[in-house]
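Remarks on the overall topology
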Amino acid sequence: VTMGEVLTVLPFQNTLSTFQVSGATVVEALENGVSQIEEGAGRFPQVAGMTFTVDPAAEPGSRVSDVMVGGAPIDAAKTYGVVSNNYVRNGGDGYKMFTDAENAYDFGPDLADVTAEYIAAQGDFVPYTDGRITVKYGIARPDGVATGPLLAQRPLFGASLSFKEVRTDAPVAPTEGQRYGKS
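For the structure given in this document, a descriptive report is provided here. Numbers given to residues run from 1 along each chain, matching the order in which its sequence is written. Two thresholds apply to this predicted model, a pLDDT of at least 70 for residue-level local features and 80 or more for giving and counting side-chain atom pairs, whereas whole-chain, interface and lining totals are computed over all residues. To get the side-chain values, take all heavy atoms of the structure and skip hydrogens and water.

**Details of the overall build of the protein chain**
A count of helices and strands for the protein chain gives five helices and eleven strands. Relative accessibility decides the category of a residue: with a 1.4 Å probe and only protein chains considered, values under 20% of the type maximum give buried, values over 50% give exposed, and everything between is partly exposed. Within the protein chain, the proportion of its 183 residues that are buried is 36%. The contact criterion used is simple: two residues touch if any of their non-hydrogen atoms lie within 4.5 Å. In the protein chain, once contacts between residues fewer than 6 apart in sequence are set aside, the share between residues at least 24 apart is 74%. Here the accessible surface of atoms and residues is derived via Shrake-Rupley with a 1.4 Å probe, and residues count as covered only by protein chains that are part of the display. Taken as a whole, the protein chain presents about 10300 Å² of accessible surface, with 54% of it coming from carbon and sulfur. Only DSSP runs of H or I with at least four residues qualify as helices, and only runs of E with at least two residues qualify as strands; both kinds are numbered from the N terminus onward.

**So, helix α4 (residues 111-122)**
Along an α-helix, residues three or four positions apart point the same way, because every turn accommodates 3.6 residues. Helices are assigned an expected span. That span is 1.5 Å times one less than the residue count. Here α4 spans 16 Å end to end across twelve residues, near enough to the 16 Å set by a 1.5 Å rise per residue. Taken together, the buried positions of α4 are occupied by Leu-111, Ala-112 and Ala-116. Along the axis of α4, the buried residues cluster in a sector spanning 130°; they form a single face. Exposed side of α4, more than 90 degrees from the buried face: Glu-117 and Ala-121 are the residues found there. Of the surrounding secondary structure, the elements contacted by the buried residues of α4 are α1 (3-9), β1 (16-22) and β6 (79-85). The definition of a polar contact used here is a pair of N or O atoms within 3.5 Å, where within protein one atom must be able to donate a hydrogen and the other to accept one, and adjacent residues in sequence count solely through side-chain atom pairs. Its side-chain oxygen placed 2.8 Å from the backbone nitrogen of Ala-112, Asp-110 serves as the N-cap of α4. In the segment just after α4, Gly-123 is the residue with positive phi, at about 80°. It is the directions from the helix axis to the C-beta atoms whose arc is reported.

**Considering the nonpolar core**
With 24 residues, the main nonpolar core has Val-21, Val-26, Leu-30, Met-50, Phe-52, Val-67 and Phe-98 as its most contacted residues. The set of elements that each furnish at least two residues to this core consists of β1, α2 (23-34), β3 (50-54), β4 (64-69) and β6. For this core, the element with the highest residue contribution is α2, accounting for four residues. Among residues more than four places away in sequence, those in contact with Val-21 are Val-26, Lys-78, Thr-79, Tyr-80, Val-82, Phe-98 and Ala-101. Working definition of a nonpolar core: buried Ala, Val, Leu, Ile, Met, Phe, Trp, Tyr and Cys residues. They are joined through side-chain atoms within 4.5 Å.

**Some points on the pattern of salt bridges**
Side chains that differ in charge, positive against negative, can pair when their charged atoms come close. The salt bridge definition used is simple: a Lys or Arg side-chain nitrogen within 4 Å of an Asp or Glu carboxyl oxygen. The final tally for this structure, using the stated rule, is three salt bridges. Across the pair Asp-130 and Arg-132 runs a salt bridge whose closest N-O atoms are separated by 2.9 Å. On the accessibility criterion, Asp-130 (43% relative accessible area) is partly exposed.

**Here's the deal with unusual backbone geometry**
Positive phi, normally seen in glycine, also occurs at Asp-66, with a value near 55°. Inspection of the secondary structure assignment puts Asp-66 in strand β4. Unusually for a residue other than glycine, Asn-103 sits at a positive phi of about 50°. Its place among the elements puts Asn-103 in strand β7 (residues 102-105). A residue is classified by how much of its surface remains accessible, and Asn-103, at 27% relative accessible area, is partly exposed.

**Points about α2**
Over its twelve residues, α2 extends 17 Å from the first C-alpha to the last, a length consistent with the 16 Å expected when each residue adds 1.5 Å. The buried fraction of α2 is high, at nine of twelve residues. All of the buried residues along α2 are Gly-23, Thr-25, Val-26, Ala-29, Leu-30, Glu-31, Asn-32, Gly-33 and Val-34.

**A few points about the packing of aromatic side chains**
Pairing of aromatic rings covers Phe, Tyr and the six-membered ring of Trp, with a centre-to-centre limit of 6.5 Å; geometry is then stacked below 30 degrees between planes, edge-to-face above 60, and tilted otherwise. One pass over the full model with this rule turns up three aromatic pairs. Both rings, one in Tyr-95 and one in Phe-98, keep their centres 5.7 Å apart while their planes meet at 10°; by these two values the pair is stacked. On the accessibility criterion, Phe-98 (0% relative accessible area) is buried. Taken together, a centroid distance of 5.9 Å and an interplanar angle of 85° make the contact between Tyr-105 and Phe-107 edge-to-face. In this structure an aromatic cluster arises from ring pairing among Phe-19, Tyr-95 and Phe-98.

Okay, here's the thing in structure tokens:
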């Protein structure tokens with residue numbers, strides 16, 4: 001993978017953002033992310049540190065279930081740390097629920113640079129699925145291409161979000177490592 005290829009898929013000069021939201025807000029964000037799945041909208045959430053199930057046949061706002069963070073059911077009242085990009089954190093792609101997030105830091109490194117550094121450090125990459133997102137009714141193949149009556153050969157790409165429960169005894173301000181998703 002070349003830097004040119006990285007810039008082709010990440011051309012917008014977005015920066016990494018870290019912030020904190022409630023579990024209820026996390027679920028609201030997931031619902032936003034799958035709200036236009038039948039249209040192949042770019043807001044589909046790509047997640048880390050959590051799993052969830054989506055039912056594309058359900059009405060928007062009621063499509064997400066079985067949300068787990070770190071292997072435990074999400075708690076609507078708990079605070080969770082999120083890593084995304086500044087576009088999503090500032091409400092892009094309908095993620096307006098993140099605009100009032102706590103402890104927001106939008107000035108992390110450029111997403112393309114972080115991606116290139118990760119690829120260089122990891123070496124060859126073989127795509128795989130690990131069950132983070134389960135789509136009911138078998139409309140998504142393991143390679144991420146959606147098929148079926150609602151979706152016609154569209155990849156499920158969109159917002160990248162990483163979640164972690166925030167300990168109440170942890171410092172309020174994110175550390176340098178947390179700002180860059182390294183903790």
